[in-house]
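Here's the letter readout for the chains.
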Amino acid sequence: QLTLEEVRMLVELFYLPYHHGSQAQNLLEHFRWLRANSLSVGVPATAPDACEGMRWRGRAQSFHLLCAQTCRLHSHFVSSAGRALLYDLHPYLWDIRNMLLAASAFIRWLGCQSITAPMLLGGDAEPWARRGGLFGELQALLPVGNSCDLFYHPPPLFPSSQLYLLRPLLPLDKVRVTARRGVPHHSGQSSPLHGLAAPALAGRLLGSFLSLSPEYTFVLEDEGGPCGYAVGALCAEGFLQQRDSSWLPEIRHKYPRDLGAGAPALGQEALLFFHAEPPAVPLPVLRRFPSLVQLGTAPRVLDVGASRSLAICLLSALRANGSRGVFCQVSAADRQQLSFYSKLG
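Residues numbered from 1 in each chain as written. Predicted model: local features only at pLDDT ≥ 70, side-chain atom pairs only at ≥ 80, totals over all residues. Heavy atoms only, no water.

Under an unreviewed UniProt entry, the name given to the chain is OGA GlcNAcase, and the source organism is Glareola pratincola.

Written out as structure tokens, the structure is:
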């Protein structure tokens, strides 16, 4: 059942169109302050201004706590509200949940970055581009706030109480992925490497981004563990040059073409990907859309809101560092990825 505190929070989230309850107001005030004072995070602990960094992290912790409470409220509301009330209020609460997943991850990202470029908000949006209420104010505070296609999606027909966590890549994540990918050295045995498909596929999807652009990597988790990712490269032109000149030759040496003999089809496909020449990106595309992005979720993630939060967070991080536009590379035959990006708008 919903607790009294959760009912109070629900009311305060939707108090009045231009006046929020105390907890919703705290969310906005923390977010505004954290975004405006993010430069103080990079102060070394021994510097005279180190207390500013500690203050920033303290307020960030309070903000994350409020976001987590709201996400739990959504989960409990779906599980315990009567059907009529659920279908009346769920679309609004679902929107807020998605927005706070992205906002919390963006603040976590700010806490481990040194932002050198100003956040570009792109001028005032048209009046129809934003909704009112808490959702609209949070949307306006994210650097990607004017990309309204990302913010207008119908809620799922069958509401889910699944809890999600969205966060930046941690050093431990890289260790885990490297541990899964790092064994493949040919041992001279006649049998193929045990479990080649998984590490090779992980390298195909994420390897170049983890090696060359880890600071724009986000992880989506549910109760079963990691279930989605979003990766990006701020300067795609330099990233692709470095990938082709240094990362790919190293990977081809590590995964020789004959290593896939007898391996599962997935492993053979990944090895062929490493040894094929990547398609060139036309210069006009790189000039107009200077950043590269790639997103994906596990089949069990049926809630498009979680995928949308991934996209909003990644695009906010790129925009905060001055990116003017992004593109993604998708095979024309990859119906699953085409459908995934289409659903994001």
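Once the structure has been displayed, the description carries forward.
A. Looking closely at the pairing of strand β3 (residues 225-233). Burial of β3 is extensive: 8 of the 9 residues sit out of reach of the surface. Relative to β3, strand β2 (residues 217-222) runs antiparallel, the two sharing 6 bridges. The partner of Asp-222 across the bridge, within β3, is Gly-225. A loop of 2 residues connects β2 with β3, the two strands running antiparallel in sequence. Bridge analysis of β3 against strand β4 (residues 291-297) gives 6 bridges, and the strand direction is antiparallel. Its bridge partner lying in β4, Gly-228 is registered against Thr-297. (Buried < 20%, exposed > 50% of the residue type's maximum accessible area, 1.4 Å probe, protein only. Helix = DSSP H or I, 4+ residues; strand = E, 2+ residues; numbered from the N terminus. Pairing = 2+ DSSP bridges.)

B. Here's a closer look at helix α5 (residues 133-141). In terms of burial, α5 is a largely internal element, 7 of the 9 residues being buried. Turning to α5, its buried residues number three or more, namely Gly-133, Leu-134, Phe-135, Gly-136, Leu-138, Gln-139 and Leu-141. Contact partners of the buried residues in α5: α1 (4-13), α2 (22-36) and α4 (83-110). (Contact = heavy atoms within 4.5 Å.)

C. Region of the structure containing the state of the cysteines. Using the criterion set out here, one finds 0 disulfides in the structure. No disulfide involves Cys-71; its nearest neighbouring cysteine sulfur is the one of Cys-67, lying 6.8 Å away. For Cys-71, a relative accessible area of 8% puts it in the buried group. (Disulfide = S-S within 2.5 Å.)

D. Region of interest: helix α11 (residues 304-320). Compared with the 24 Å implied by 1.5 Å per residue over 17 residues, the 24 Å span of α11 between its first and last C-alpha is a close match. Taking burial as the measure, the 17 residues of α11 include 16 buried ones, the bulk of the element. The opening residue of α11, the one whose side-chain oxygen lies 2.8 Å from the backbone nitrogen of Gly-305, is Asp-303. Two residues or fewer after α11 comes Gly-322, characterised by a positive phi angle close to 100 degrees. (Expected span 1.5 Å × (residues − 1). Polar contact = N/O pair within 3.5 Å; in protein donor to acceptor, adjacent residues only side chain to side chain.)

E. Here's a closer look at the packing of α2 against helix α3 (residues 50-80). At a closest axis distance of 10 Å, the pairing of α2 and α3 adopts a crossing angle of 140 degrees. Judged by the inter-axis angle, α2 sits oblique to α3. Crossing hand, α2 versus α3: left-handed. Along the contact surface, α2 presents Gln-23, Asn-26, Leu-27, Glu-29, His-30, Phe-31, Trp-33 and Leu-34, while α3 presents Arg-55, Trp-56, Arg-59, Ala-60, Ser-62, Phe-63, Leu-66, Cys-67, Gln-69 and Thr-70. Classifying every residue of the contact of α2 with α3 gives 9 nonpolar, 6 polar and 3 charged. (Axes fitted to C-alpha atoms, helices over the stretch in contact; angles between N-to-C directions. Parallel < 35°, antiparallel > 145°, perpendicular 65-115°, else oblique. Left-handed = near helix turned anticlockwise from the far one by under 90°. Nonpolar A, V, L, I, M, F, W, Y, C, P; charged D, E, K, R; others polar.)

F. The sheet that holds β4, seen in detail. Pairing is mixed across the open sheet formed by 5 strands, whose spatial order is β1-β2-β3-β4-β5. The open sheet terminates on both sides in strands that have one partner only, identified here as β1 (165-168) and β5 (326-327). The pairing of β1 with β2 spans 4 bridges and is classified as antiparallel. Across the sheet, Leu-165 pairs through a bridge with Glu-221, a residue of β2. Packing against the sheet, helix α8 (residues 236-254) makes contact with β3, β4 and β5, and its axis sits at approximately 75 degrees to β4.

G. How the structure looks around the nonpolar core. Of all hydrophobic cores here, the largest spans 63 residues; its most connected members are Phe-31 and Phe-218. Of the residues forming this core, the biggest block, 13 residues, is contributed by α4. In this structure, this core is formed jointly by two domains, domain 1 (1-152) and domain 2 (162-179 + 194-344), each of which donates at least three residues. Grouped together as the second largest cluster of nonpolar side chains are 15 residues, Phe-209, Leu-210, Val-219 and Tyr-229 included. (Core = buried A, V, L, I, M, F, W, Y, C linked by side-chain atoms within 4.5 Å. Domains from an automatic or database assignment.)

H. Broad picture of the pattern of salt bridges. All chains considered together, the criterion is met by 9 salt bridges. For Arg-308, the salt bridge goes to Asp-95, with nearest N and O atoms at 3.1 Å. Placement of the pair is Arg-308 in helix α11 and Asp-95 in helix α4, with a sequence separation of 213 residues. With its nearest N and O atoms 2.9 Å apart, the salt bridge here joins Arg-243 to Asp-244. Classification of Asp-244 as partly exposed rests on a relative accessible area of 36%. (Salt bridge = Lys/Arg side-chain N within 4 Å of Asp/Glu carboxyl O.)

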